[in-house]
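# Structure assessment
What follows is each chain in one-letter form.
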Protein chains: 2
Amino acid sequence: MEFDNYSRAEVLEKLFALWKPGKQTELVPLEESLNRISAEPLVSRFTLPLVRSSGGDGIAVRSADFEAALPGLPDTAHWKPGKDYVRADTGDDFDDAFDTVIMIEEVTFNETGGLSLTKGITVTPGMNVNGRGSAIEEGELILEAALPIRSPDLGALARGGLWDVPVVKKPVAAFIPTGNELIPLRREPQRGQNIDTNSIMARHMLLEMGAEPLILPIIRDDPGLLKAGLLAALKTADVVIINGGSSKGADDYNARLLAELGECICHGVLAAPGRPLCLGVVDNKPVVNLPGPIIAAYFGMDWCIRAILCRALGIPVPVRPRVKAVLTGNTGRTLPEGFEFFYRMEVTKTASGYDAWPVPFDRVPGKRTQGFHSGQCVMKGPHSPSPGDEIEVELCYPSITTAPGG
Amino acid sequence: MEFDNYSRAEVLEKLFALWKPGKQTELVPLEESLNRISAEPLVSRFTLPLVRSSGGDGIAVRSADFEAALPGLPDTAHWKPGKDYVRADTGDDFDDAFDTVIMIEEVTFNETGGLSLTKGITVTPGMNVNGRGSAIEEGELILEAALPIRSPDLGALARGGLWDVPVVKKPVAAFIPTGNELIPLRREPQRGQNIDTNSIMARHMLLEMGAEPLILPIIRDDPGLLKAGLLAALKTADVVIINGGSSKGADDYNARLLAELGECICHGVLAAPGRPLCLGVVDNKPVVNLPGPIIAAYFGMDWCIRAILCRALGIPVPVRPRVKAVLTGNTGRTLPEGFEFFYRMEVTKTASGYDAWPVPFDRVPGKRTQGFHSGQCVMKGPHSPSPGDEIEVELCYPSITTAPGG
């Protein structure tokens, strides 16, 4: 069995030359639009405030009363609320009889509703008043096209009256776990059996990537069953992931299946874990055969499936924040030239920067023993990373949970 | 109306001295445990593989056959599958008759099932065989206590047979929008009305923070209704957020309400937007009155409510990745001493680093016009930030979406 020698970039380039995703959009209620991708520039339907409003907490008064009293202040001790002034807090509308706002800090109320004002203040028309449209104007851009909608955006879209939001349709991503040895969750494994760990991981990774996951039942290593399973998945899915069976040596079901039903683009990529990845296009839909080991499946999902789903969603692939870190453990590898190696890293903050500890392959993912941020990195051969080396690590999560006392 | 002059840190210190959250835990199905917080160290129930398994794709053979043939190789041309060897791919169990694995790259199969092997290979007992427990052992730590469960962890927990996961119970956070001017979503605003933008934003921020949101209907600015609403919320919620009415000048309902029902810790914090924040404890539950303007509510949720919820969950407050950036716009502020000012920033990657453009307060949040990463920063007075200044910006999202062509 010989593998192709394509880099990850080459594999994706070949795929994107062959596969042209159609962009489908739909309207979703604003309440369900979080993390969806805007399908067009989203602009306000409303102008707010509709008329001017108070720009601070205070009282609205007539500036004419103050002009008439110049060079002093009017006698406000017997003023009546509603007649001579009204309370007007930030954002409040007030009667058109009034035209200017005095901040509450300058006002002391007496028992009868009259006022005393800070001596020497000047009151002119339109003070502390926000004009019509000062919050937002009809037609004003709120969010460009092709951006993910985040929680603060929901408030901005609500202000603009976007009760239903045009978003890119979620690509449906089918995930087919395969293997004679696999058993579903909630069974006790017997000799020779492996738990299907990857379906639950893939389901949540797909959700996080903005896809609609379609997790299918385990299929045994049988060419007929695999073919039927793939054809069934292609009926509803936009992308199909077959997990396992990518390195079945002489049997090599899946590469042959792709070539039979469509086009097999590659079998083998210059990256590990996950070298035997097999990728093709059937019915203008990407079909990816990811290797079965959990860490290979994780990285295949992370770089390959993410790139495919971003393409389907019409957005660029996200780039994670990166930090320089000192490698604190042994990777146990000498990396050959042209190869990319992925490592999960436990990243911890030190006084001078960051430390990164490579999680052993056979225990990955798991054993998160530090109350801190998890990262990962790609190392390119030829290279023998050793403890003490400075490496660049991607931070995988939105925030760093500091270690206790950190 | 005078505000207290406490820093954010002082406000939280006072709260945490007075409020002692009880840690409650529950068992949830593994399938629903994503982003929950582990309540105890999570250890494997299983040892896998149960017996040894193949460590690569190949064939399992008897090492004794190879010892007997030394210094050559046995005559394998007439070997029979099942009798003299069996296929054994990565992770596969194989019959106890065999004790070692030859990698598939060294094997060529002939038409009758016999083999030819690469000349000169040596075959010894236990080659390419992973021992019992090489993937995971019973009692082995998978995840420490007080860590968020992430998608790759789901695979690791599945491998360990944690079908039900002990997690920290989600704190229930009630959110009460208040204000005579507020109207719910899906109504057309009339003169003097404002859309309740904050409930939908808060709901999703609370979900992201790991709380169970309880978004309550809008309450008018009426002390009796507010009191009844707060008391009702306290029956089911662990934390109550009253939004709006925090700076009602002489009326100051909410601060008085907190003092009447429990203890008012502060009214006013040396940070803006959101200065009039009011915070207290009622029935050993934090009650926070966040100012109504959307940007003030956003930042109050982000620093104050997040800190409270992390305390309730028993985890440290997350720290976001930070980058140095060049300020590209005018903040329009001279910051007084002792004050913290929050800014939402549009962060873009440049050839030499990052640019950060401050989003104007009255338009925030919204107007995301760049296909890139949103950040925010805290500036401390005395300081007059000017374009060209180097500032430190927090990156708020897990990944940076590169601008088209970026």
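Structural data are supplied above this passage.
Residues numbered from 1 in each chain as written. Chains lettered and ligands numbered in written order. Predicted model: local features only at pLDDT ≥ 70, side-chain atom pairs only at ≥ 80, totals over all residues. Heavy atoms only, no water.

### Regarding the sheet that holds strand 16 (residues 239–243) of chain B
Strand-to-strand pairing in sheets goes through backbone hydrogen bonds, with the strands running parallel or antiparallel. All names here are of chain B. Inclusion rule: When DSSP finds at least two bridges between two strands, those strands are taken to pair. The helix and strand labels rest on DSSP assignments: H or I over at least four residues marks a helix, E over at least two residues marks a strand, and numbering proceeds from the N terminus. The angle between two axes is taken between their N-to-C directions and runs from 0 to 180 degrees, where each axis is a line fitted to C-alpha atoms and a helix contributes only its stretch in contact. A contact between two residues is defined here by any heavy atoms of the two lying within 4.5 Å.
Read across the sheet, 6 strands follow the order 15-12-16-20-19-17 without closing on themselves; strand pairing throughout is mixed. Both edges of this open sheet fall to strand 15 (212–215) and strand 17 (263–267), since each of them pairs with a single strand only. Taken pair by pair, the neighbouring strands of this sheet meet at an average axis angle of 20°, ignoring direction. Strands in contact with helix 6 (residues 253–261) are strand 16, strand 17, strand 19 (278–282) and strand 20 (285–290); relative to strand 19, the strand with the most contacts, it is inclined by about 20°.

### Description of the environment of Asp222(B)
Residues and elements named next belong to chain B. To be explicit about the condition: In this scheme, a residue with accessible area under 20% of its type's maximum is buried, one over 50% is exposed, and one in between is partly exposed, where area comes from a 1.4 Å probe on protein chains only. Polar contact criterion, stated in full: a pair of N or O atoms within 3.5 Å, where within protein one must be able to donate a hydrogen and the other to accept it, and residues adjacent in sequence count only if both atoms are side-chain atoms.
Along the polypeptide, Asp222 turns up in the loop between strand 15 and helix 5 (223–236). The partly exposed category is assigned to Asp222, whose relative accessible area is 33%. Separated by 44 residues in sequence, Asp222 and Thr178 have C-alpha atoms that sit 9.3 Å apart. Polar side-chain contacts of Asp222 include one of 2.9 Å to the backbone nitrogen of Gly224. For Asp222, the side chain forms a polar contact with the main-chain nitrogen of Leu225, separated by 2.9 Å.

### Notes on helix 6 (residues 253–261) of chain A
Residues Tyr253(A), Asn254(A), Ala255(A), Leu257(A) and Leu258(A) constitute the buried set of helix 6 of chain A. The secondary structure elements touched by the buried residues of helix 6 of chain A are helix 5 (223–236), strand 16 (239–243), strand 17 (263–267), strand 19 (278–282) and strand 20 (285–290) of chain A.

### Thoughts on the packing of aromatic side chains
The description of two aromatic rings rests on the distance between their centres and on the angle between their planes. Our working rule: When the centres of two rings from Phe, Tyr and Trp lie within 6.5 Å, Trp using its six-membered ring, the rings pair. Their planes under 30 degrees apart give stacked, over 60 give edge-to-face, and anything left gives tilted. Two conditions define a charge located above a ring, namely a distance within 6 Å from the ring centre to NZ of Lys or CZ of Arg, and an angle within 35 degrees of the ring normal.
Considering all chains together, one arrives at 14 aromatic pairs over all chains under this definition. When the centroid spacing of 6.1 Å and the interplanar angle of 40° are considered together, the rings of Phe16(B) and Trp19(B) count as tilted. Taken together, a centroid distance of 5.4 Å and an interplanar angle of 35° make the contact between Phe339(B) and Phe341(B) tilted. One aromatic cluster is present, built from ring pairs that chain together Tyr298(A), Phe299(A) and Phe342(A). For the cation-ring pair, Arg52(A) lies above Phe94(A), with the distance from its terminal atom to the ring centre recorded as 3.7 Å. In this arrangement the basic side chain of Arg311(A) is found over the ring face of Phe16(A), its NZ or CZ atom lying 4.2 Å from the centre.

### Looking at unusual backbone geometry
In this structure, Pro273(A) follows Ala272(A) across a cis peptide bond, with omega equal to 0°. Mapped onto the elements of the fold, Pro273(A) is located in the loop between strand 18 (271–272) and strand 19. Residue Asn128(A) is not a glycine yet carries a positive backbone phi of 50°. Mapped onto the fold, Asn128(A) is located in the loop between strand 8 (115–117) and strand 9 (129–130). The phi angle at Asn284(B) is positive, at roughly 50°, despite the residue not being glycine. Within the secondary structure, Asn284(B) is located in the loop between strand 19 and strand 20.

Such coordinate-based values are descriptive only and should not be taken to indicate function.
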